[in-house]
Amino acid sequence: MGNPKRGGDMEEENNLIILNEKKKKKNKKRKRIEVKMEIVRHNREKSAPLVGYFPSGFDPQKVSASEEDDEPPRVRVFRNKQIPNCLQLVVSPKGSKVNFVGTSYSVEASDDQACTYKLGVLDKETQTLKIVPVASNQIFRLEPRIRGLDVCKSEPFKESKEEEVLTVKEKADKIKDLTNLYGTKKAIAKVCFLAKKTGDPAPKDLERKIGKILINKEALESAGTYMARNIPPHDSTATTPEKAYPLDRIILKQEWDSLLDILEYVQSEEQLASNTYPSFVCNRVHKLMEIQDEVEKKTLACLYSYITHLIKFKDQRSVDNSACAKSHRIPDILYKKFVTMFTDTGKFEPSSEKKDLLISYVLVLTLIADGFKSDPSDIAKDLRMTSMSLRQYYLNLGCKLARVEKLLQVTLTLPLEFPKPMVRRKR
């Protein structure tokens with residue numbers, strides 16, 4: 001009976017020994033090292049360390065460890081001769097047809113860097129700590145690229161080149177404009193205070209800048225004709241309705257690809273939601289099913305989509321905007337254009353002139369979609385207006401209004417005739 005007790009006592013003693021060893025490890029003080037710290041500043045002649053990461057999940061250490069010869073991937077750095085800050089980091093794994101490429105002028109690296117990054121290297125043998133800056137304060141996102149294909153053309157190199165050429169004054173003006181557009185009230189007030197404090201630029205500098213600008217007189221004359229009347233681009237001498245308001249000057253070539261949402265709905269045989277699309281579009285979407293010509297069908301669908309984005313933008317920029325307008329997503333290329341054309345700098349709600357211009361664009365596109373003969377009742381409902389309140393807008397566009405079977409009908413007549421401005425007589 002004594003032997004089992006002794007055996008149990010031995011187990012307890014072993015447990016105590018293990019616990020005591022753990023306590024010793026916890027109580028063990030960390031060894032302090034006195035090092036000399038050196039901060040290495042950026043030197044253009046020497047290349048700073050580059051930091052890259054693989055969003056695809058590729059791990060170069062695991063790949064090299066699994067291979068027999070234990071050869072790491074090949075790493076190369078390319079620098080532009082004209083613009084030294086434009087770097088390209090290329091990692092080529094052995095035996096693979098894929099390269100991982102990261103640039104300092106695209107993806108995250110092209111954005112403004114609010115933080116600076118530095119790398120610390122501790123050498124225990126020499127007891128030195130070197131802190132060196134990361135190249136251009138940028139992180140390289142290494143994207144997979146198939147070896148042998150030319151992908152440099154798709155990267156926005158020209159834009160970054162223009163940004164490098166900007167002077168300090170131009171960058172400051174650019175930041176000031178962005179603050180006025182998207183900044184808080186406090187930030188905008190600070191910009192206005194600094195502008196008053198510094199004062200306007202000297203007249204000599206203004207004359208020098210204006211002298212370098214090349215003035216396109218033809219563009220000014222053509223722009224002034226329709227901007228003065230607050231209507232879209234037009235040709236008053238046109239002999240056909242299509243040329244009177246040319247569609248290629250209203251919807252640009254690069255914008256068509258972002259206007260295919262309604263066509264996709266029609267092809268999938270889904271019904272448009274009345275709370276998502278205007279009543280003008282919902283009442284006419286059945287025409288797309290009747291059109292056999294694919295080009296004509298695509299053009300009409302893009303017109304409906306463009307009208308939708310214009311109306312939703314108007315609702316989003318109004319004080320009493322609806323919930324469906326808030327959730328509506330306008331493509332970036334169109335949103336930037338709308339902000340430039342239909343809003344005032346530093347103001348959220350457009351002025352009356354900008355609103356009138358937006359409404360004129362909507363009415364012209366509805367006329368084109370209806371074959372230049374339209375019933376304004378449904379588009380007036382979408383614009384939260386009445387048919388009679390739209391009368392003056394149609395007259396400014398050169399249209400004629402008439403009653404057909406107790407319904408108001410708008411027709412675009414040629415040649416375009418605009419109402420003459422009223423001159424008040426002095427009493």
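To keep things clear, this report deals only with the structure shown in the data block. (Residues numbered from 1 in each chain as written. Predicted model: local features only at pLDDT ≥ 70, side-chain atom pairs only at ≥ 80, totals over all residues. Heavy atoms only, no water.)

This part is about the overall build of the chain. Along the backbone of the chain there are 17 helices and 12 strands. A buried classification covers 30% of the 427 residues belonging to the chain. Considering only contacts in the chain between residues 6 or more positions apart, those separated by 24 or more positions represent 58%. Within the structure as shown, the chain displays about 30900 Å² of accessible surface, and the carbon and sulfur contribution to it stands at 54%. (Helix = DSSP H or I, 4+ residues; strand = E, 2+ residues; numbered from the N terminus. Buried < 20%, exposed > 50% of the residue type's maximum accessible area, 1.4 Å probe, protein only. Contact = heavy atoms within 4.5 Å. Areas by Shrake-Rupley, 256 points an atom, 1.4 Å probe, with all protein chains shown as cover.)

Here Asn180 shows up in helix H4 (residues 168-182). Among the residues examined, Asn180 registers a relative accessible area of 16% and is labelled buried. With near-sequence residues (within four places) excluded, Asn180 lies in contact with Ile188, Val191, Thr345 and Gly346.

The full count for this structure, using the stated rule, is six salt bridges. For Asp370, the salt bridge goes to Arg284, with nearest N and O atoms at 2.9 Å. Of this pair, Asp370 sits in the loop between helix H15 (352-369) and strand E10 (373-374) while Arg284 sits in the loop between helix H10 (279-282) and helix H11 (286-290); the two residues are 86 residues apart in sequence, bridging distant segments of the chain. The same class applies to Asp370 as to Arg284, namely buried. As a salt-bridge pair, Glu349 and Lys355 come within 3.2 Å of each other at their nearest N and O atoms. What emerges from the salt-bridge pattern is a single network uniting Arg284, Lys287, Asp370 and Asp378. (Salt bridge = Lys/Arg side-chain N within 4 Å of Asp/Glu carboxyl O.)

One can describe the packing of helix H14 (residues 332-342) onto H15 by two numbers: an axis separation of 9 Å at closest approach and a directional angle of 130°. With respect to each other, H14 and H15 are oriented oblique. Contact residues: H14 offers Thr340, Met341 and Phe342, while H15 offers Lys354, Leu357, Leu358 and Tyr361. (Axes fitted to C-alpha atoms, helices over the stretch in contact; angles between N-to-C directions. Parallel < 35°, antiparallel > 145°, perpendicular 65-115°, else oblique.)

The analysis is restricted to geometry; functional conclusions fall outside its scope.
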